[in-house]
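# Analysis of the macromolecular model
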Amino acid sequence: MKIFAKRILALGICTALMGASVQAATYEVIDKGAVDTHKYTFAQQENIHGEMVISGTQAYSFAVQYQYLVESDFNAIVNNAAVLNDQVFGVNDIEDEEALRAGNPTENDVFWVLYYLQRIPAANQFLYQQYGDIAALINLNGVTEEITIFDEMFEGTNEFTRSTVDNINGITDKGWIYGSGTAPYLPVVITADQNTEDTSDDVSTNYWVREFSRRAFFSPDRGQTIIPLIAPESTYGGISEISDLSESGIAIGFASTVISEQVTDFITESCTDADQLENIPLIVCIDVTLRNNGLTLDNLFQTEAFKWTINDSGVVESSEQLGYLITPHVDDVRGLVSVAQAVNDAGTVVGYSQGWFDNNVTEPDVNEFKLTYAVMFKDGEVYDLNTDHETFYNSRVNDINNLGIATGYVQTTVSGITTNMFYYIDTNDVNNLEMIMPDTFFTGSSTTAKAINNKGFIVGQGEVETHVVTGGNPRRTHGFLYDTNTDTFTDLNAFLTCESDYTIIDAKSINDNNEISASALVKTNAKDFFGRDVLDDNGDPVQEEVVRAVKLQPIEGGELNDCSEVEEKLERQGASFGVFMPLVLLVVGFRRKLFK
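Throughout what follows, the structure given in this document is the object of discussion.

Take the state of the cysteines next. Tallied over the entire structure, the rule returns one disulfide. The residue that forms a disulfide with cysteine 271 is cysteine 285, at a sulfur-sulfur distance of 2.1 Å. Residues cysteine 271 and cysteine 285 are joined by a disulfide whose S-S torsion is about -95°; by sign, that bridge is left-handed. Taken together, the residues span a long stretch of sequence, with cysteine 271 in the loop between helix H5 (261–270) and helix H6 (274–277) and cysteine 285 in helix H7 (residues 282–292) at a distance of 14 residues. A relative accessible area of 3% means that cysteine 271 is categorised as buried.

In structure tokens, the structure reads:
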């Protein structure tokens, strides 16, 4: 985007902001994600009181349980270090192999242990200690601290397993937080009897298993008390999540309601023999069986959009299954998915559900092709918001405001490439549902809307580079602000000072003060695996770019700066993350995805 065009957009949006009684024309960046426990932080949501919930990744501490590693594991760790140490910033080859094998490695060598554990093939994951590395954080009164959801300390230690994935999805104005978390992986040793009198030939195998794979939670006291919500179908742990929670106590999300019929048949055939289960945990048997049939543990359950009503004391008074968009063939055993993503104060719920790709299907075949489509759950009905299933598909609704305006994204094909396009839609007239898809950074920019406030401002993320995407060269993204009142779309970086150290790469929520929860790139002192400054040969700190959770605060009486002589933000130097950063962004940045 040319500087002239960007300034015109910025002026337009600032006029709109002032018209909406916001006493600012530009934004300042308030860093809320600088913590000494995690390298990267991502904003999720801030309430009207300035309390923000944040996701953190790449923790600076992890309690490796060396007693469960064997000689072949250590051999592989040593080999990885020898081959790859020149390719990884800030670490060297193995420094003390003897100490490593004794379970007392140097800090440098711990990196290579974790590098190994993080790359264990999925088929063998139950044999090794797990590394979760998505943490829930909360910023209160300018201080950001970690919240423990379901993690536990290893027996006899004061060290958490850090094997959990904690999705903290939001915080209400009352300070209630919500989301989902996984149970910790804990070691279980099973000894297989070789059916001889001599027990010395019995074989012991250590497995790492957990009680459940994802469970909804809420906390009425900013994380001091964690209250789980167990799914209606909780065999093998079940799965559930709270995606949104209204100020009136309506929590919505999804939960497992039945075990997939297809999976039940596989389990019955392969994992019901009592003698077999003496030698292997049931969940491991199920995992192996599913993989042998081209499935994973994600296919265990049929999940359904769900609503819970919670009173002020934190007691769940009622729950409700919200249904599906389609009814499959009676012999279709694949299961269904529907997910509630957001709810407004009127109780209107939006999300997505599987639907038929062919709009004209009335009597589906047993294996009728289906994808996911944006829907509204209202008055016991499921309304299709995505009426052209073949042109626009895999759509989501991510938010809805109190005026009934919803926003999200669809996927479509642009120049032969599958691309996200953001939209908004008025849901008040169910007989006239039309998605409006504004122009964005450029034609073909993959753009996703994340949230909308009651003034009609939408925030999200879009691509700002036009090159052909390859595995190691994704397009960079910027956060955006869109005004539905004036049809004005603006790169959020246009609102920052010309000399800003921050580049806004994503915007996750916006409150009615037009304060935006965002994630930004910023240069800071490089940290090693243990959170200490990395120094160059002269003893000076090395600089690197990291992702930080930030708040964009409107500046009272602020004025647009003339940045015509400053390099345009789209041409800023790219992030120097190497091959690992795209994985960090994919794992943490964008919640509310359920894969089947």
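Adjacent strands of a sheet pair through backbone hydrogen bonds, lying either parallel or antiparallel. In space, the four strands of this open sheet follow the order S2-S3-S4-S5, with antiparallel pairing throughout. Pairing within the sheet leaves two strands with one partner each, and these edge strands are strand S2 (38–46) and strand S5 (143–147). Recorded for the sheet is a direction-independent mean angle of 35° between the axes of neighbouring strands. When strand S4 (residues 134–140) meets S5, the two strands line up antiparallel, connected through five bridges. Of the residues in S5, the one forming a bridge with alanine 136 is isoleucine 147.

For the rest of this paragraph, the subject is the packing of aromatic side chains. Tallied over the full model, the rule gives 19 aromatic pairs. Judged by centre distance (5.2 Å) and plane angle (80°), the ring pair of tyrosine 68 and tryptophan 208 falls under edge-to-face. Of this pair, tyrosine 68 sits in the loop between strand S3 (52–59) and helix H2 (71–84) while tryptophan 208 sits in strand S9 (residues 203–209); the two residues are 140 residues apart in sequence, bridging distant segments of the chain. Judged by relative accessible area, tyrosine 68 falls into the partly exposed class, the value being 27%. The exposure class of tryptophan 208 is buried, given its relative accessible area of 1%. Geometrically, the ring pair formed by phenylalanine 111 and tyrosine 115 is tilted, given 6.2 Å between the ring centres and 35° between the ring planes. Here phenylalanine 111 pairs with tyrosine 115, and both are found in helix H4 (residues 107–117), just four residues apart, close to one helical turn. Taken together, Phe422, Tyr424, Phe441, Phe480, Tyr482 and Phe489 form an aromatic cluster joined through their ring pairs. A cation over an aromatic ring shows up here: arginine 119 above the ring of tyrosine 115, its NZ or CZ 3.6 Å from the ring centre. Lysine 174 extends its terminal NZ or CZ atom over the ring of tryptophan 176, reaching a point 5.0 Å from the ring centre.

What follows is about H5. Given 3.6 residues per helical turn, the α-helix brings residues three or four places apart onto the same face. Buried residues of H5: Val263, Phe266 and Ile267, and no others. In an axial view of H5, the angular spread of the buried residues amounts to 100°, which keeps them on one side of the axis. In this structure, the buried side of H5 is in contact with strand S13 (250–259) and H7.

Reading the values: the criteria
- Residues numbered from 1 in each chain as written.
- Predicted model: local features only at pLDDT ≥ 70, side-chain atom pairs only at ≥ 80, totals over all residues.
- Heavy atoms only, no water.
- Disulfide = S-S within 2.5 Å.
- Helix = DSSP H or I, 4+ residues; strand = E, 2+ residues; numbered from the N terminus.
- Buried < 20%, exposed > 50% of the residue type's maximum accessible area, 1.4 Å probe, protein only.
- Pairing = 2+ DSSP bridges.
- Axes fitted to C-alpha atoms, helices over the stretch in contact; angles between N-to-C directions.
- Phe/Tyr/Trp six-rings, centres within 6.5 Å; stacked < 30°, edge-to-face > 60°.
- Lys NZ or Arg CZ within 6 Å of the ring centre and 35° of its normal.
- Arc of directions from axis to C-beta.
- Contact = heavy atoms within 4.5 Å.

Purely spatial values, then, with no claim about function.
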